[in-house]
Amino acid sequence: MAQATGVESAKDAKVEVSLNGTDWTDISGAANSLQPSGWNKQRAETYTFTGNNPIVTVGKNELGDVAVTTIYTETDTANDAFDLLDSAYDAGDDVYLRWSPLGGGVGDRRFATVGKLTALNFPGVDASTANPLMTGFTLRGGRPTASIIAS
Amino acid sequence: MKVEVLRRVSRPDKDYLPGETLIVDQQTAAILIGKGAVTEVAEPKQPNKPDTKGAE
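Just so it is clear, the model here is predicted, and its values are computed rather than measured. (Residues numbered from 1 in each chain as written. Chains lettered and ligands numbered in written order. Predicted model: local features only at pLDDT ≥ 70, side-chain atom pairs only at ≥ 80, totals over all residues. Heavy atoms only, no water.)

(A) Up close: the overall build of chain B. Assigned secondary structure in chain B consists of one helix and five strands. Listing the helices and strands of chain B from first to last along the sequence gives β-β-β-β-α-β. Residues counted as buried form 21% of the 56 residues belonging to chain B. The contacts of chain B with a sequence gap of at least 6 include a subset with a gap of at least 24, amounting to 42%. (Helix = DSSP H or I, 4+ residues; strand = E, 2+ residues; numbered from the N terminus. Buried < 20%, exposed > 50% of the residue type's maximum accessible area, 1.4 Å probe, protein only. Contact = heavy atoms within 4.5 Å.)

Quick look at the structure:
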């Protein structure tokens, strides 16, 4: 089999958040990592007297999490997810999140989900490192939709 | 250019689902067709005028 082509890193990924699903804020200048997980299907299994392996059945999709790590700043509030999402976290409002692994240009794929914030992290402090202050959030929502960006 | 959506396509106004049609410029259409996201919709030909010769 021929080796895969078109493989790229996530160095140009684009991450956006919205509080209404219409007006998006590009937080790519502050986001450091994004890790989706979950959305497994409900599953069950049972055994019969014949055969050695179980019979497996599946049900609905479970919820999943998207954990986003961002830098912490108190001056660039437009890019600060902590400030952007603080009120939504407190109110339990819906938060929309979408990300494009290759950058969000025309023809790139984009994943989008909506859910509730289950975590909005406080910046930890450590005098023994020179690491930038970081914060982040976790959104728990439905299985993301995948689309191709047309404009 | 009019295209038919094959795989969900995202535009600022909405997401277009398979089977829907939308208008995009030629450059965008070429990219989307290359990605297998849309296919070009052939413009319908002008219907022929009814042949009235010999009707009488």
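(B) Just the nonpolar core, in detail. Judged by nonpolar contacts, the single largest core of 18 residues is most densely connected at L34, V66, L85, L97 and F137 of chain A. Contributions of two or more residues to this core are made by β1 (14–18), β6 (64–71), α1 (81–91), β7 (94–100), β8 (109–121) and β9 (134–141) of chain A. Among the elements that take part in this core, α1 of chain A stands out by supplying four residues, more than any other. Once residues lying within four places of it in the same chain are set aside, the contact partners of L97 of chain A are V15, E16, V17, W24, L34, V66, V68, F111, A112, T113, F137 and L139 of chain A. Grouped together as the second largest cluster of nonpolar side chains are 12 residues, I148 of chain A together with L22, V24 and A37 of chain B included. (Core = buried A, V, L, I, M, F, W, Y, C linked by side-chain atoms within 4.5 Å.)

(C) View of the sheet that holds strand β1 (residues 2–5) of chain B. Residue and element names in this part refer to chain B. Within the open sheet, the three strands sit side by side as β4-β1-β5. Their pairing is antiparallel. Unpaired on one side and paired on the other, β4 (21–23) and β5 (38–40) mark the two borders of the sheet. Strand-to-strand, the axes of this sheet are offset by a mean angle of 35°, without reference to chain direction. (Pairing = 2+ DSSP bridges. Axes fitted to C-alpha atoms, helices over the stretch in contact; angles between N-to-C directions.)

(D) Quick peek at unusual backbone geometry. Phi is positive for W39 of chain A, which is not a glycine, with a value near 60°. Along the chain, the position of W39 of chain A falls in the loop between β3 (31–38) and β4 (41–46).

(E) Main features of the interface of chain B and chain A. Counting residues at the interface gives 12 residues for chain B, matched by 11 residues for chain A. Buried surface at the junction of chain B and chain A, summed over both partners, amounts to about 1,000 Å²; 54% is from carbon and sulfur atoms. Applying the counting rule to chain B against chain A returns zero salt bridges. Counting across the interface, chain B meets chain A through five residue pairs in polar contact (both at pLDDT 80 or more). Breaking the side of chain B that touches chain A down by element, the ones donating at least two residues are β2 (9–10) and α1 (26–34) of chain B. For the side of chain B that touches chain A, the element with the highest residue contribution is α1 of chain B, accounting for three residues. When the residues that make up the side of chain B that touches chain A are grouped by side-chain class, the tally is five nonpolar, two polar and five charged. Examined bridge by bridge, strand β10 (residues 145–149) of chain A and β2 of chain B share two bridges and lie parallel to one another. Paired with I148 of chain A across the strands is V9 of chain B, a residue of β2 of chain B. (Buried area = accessible area lost by both parts, 1.4 Å probe. Salt bridge = Lys/Arg side-chain N within 4 Å of Asp/Glu carboxyl O. Polar contact = N/O pair within 3.5 Å; in protein donor to acceptor, adjacent residues only side chain to side chain. Nonpolar A, V, L, I, M, F, W, Y, C, P; charged D, E, K, R; others polar.)

(F) Here's a closer look at the packing of aromatic side chains. Taken as a whole, this structure holds four aromatic pairs over all chains when the rule is applied. Both rings, one in W24 of chain A and one in Y96 of chain A, keep their centres 6.5 Å apart while their planes meet at 80°; by these two values the pair is edge-to-face. Residue W24 of chain A is located in strand β2 (residues 24–26), and its partner Y96 of chain A is located in strand β7; the two are separated by 72 residues in the primary sequence. Residue classification places W24 of chain A among the partly exposed residues on the basis of a relative accessible area of 24%. For the pair F82 of chain A and F122 of chain A, a centre-to-centre distance of 5.8 Å together with 55° between the ring planes defines the contact as tilted. Note that F82 of chain A is positioned in helix α1 and F122 of chain A in the loop between β8 and β9, a separation of 40 residues in sequence. Among the aromatic residues, those joined into a ring-pair cluster are Y72, F82 and F122 of chain A. Note that R98 of chain A overlies the ring of W24 of chain A, its terminal NZ or CZ placed 4.1 Å from the centroid. If you follow K14 of chain B out to its NZ or CZ, it ends over the ring of Y16 of chain B, 4.7 Å from the centre. (Phe/Tyr/Trp six-rings, centres within 6.5 Å; stacked < 30°, edge-to-face > 60°. Lys NZ or Arg CZ within 6 Å of the ring centre and 35° of its normal.)

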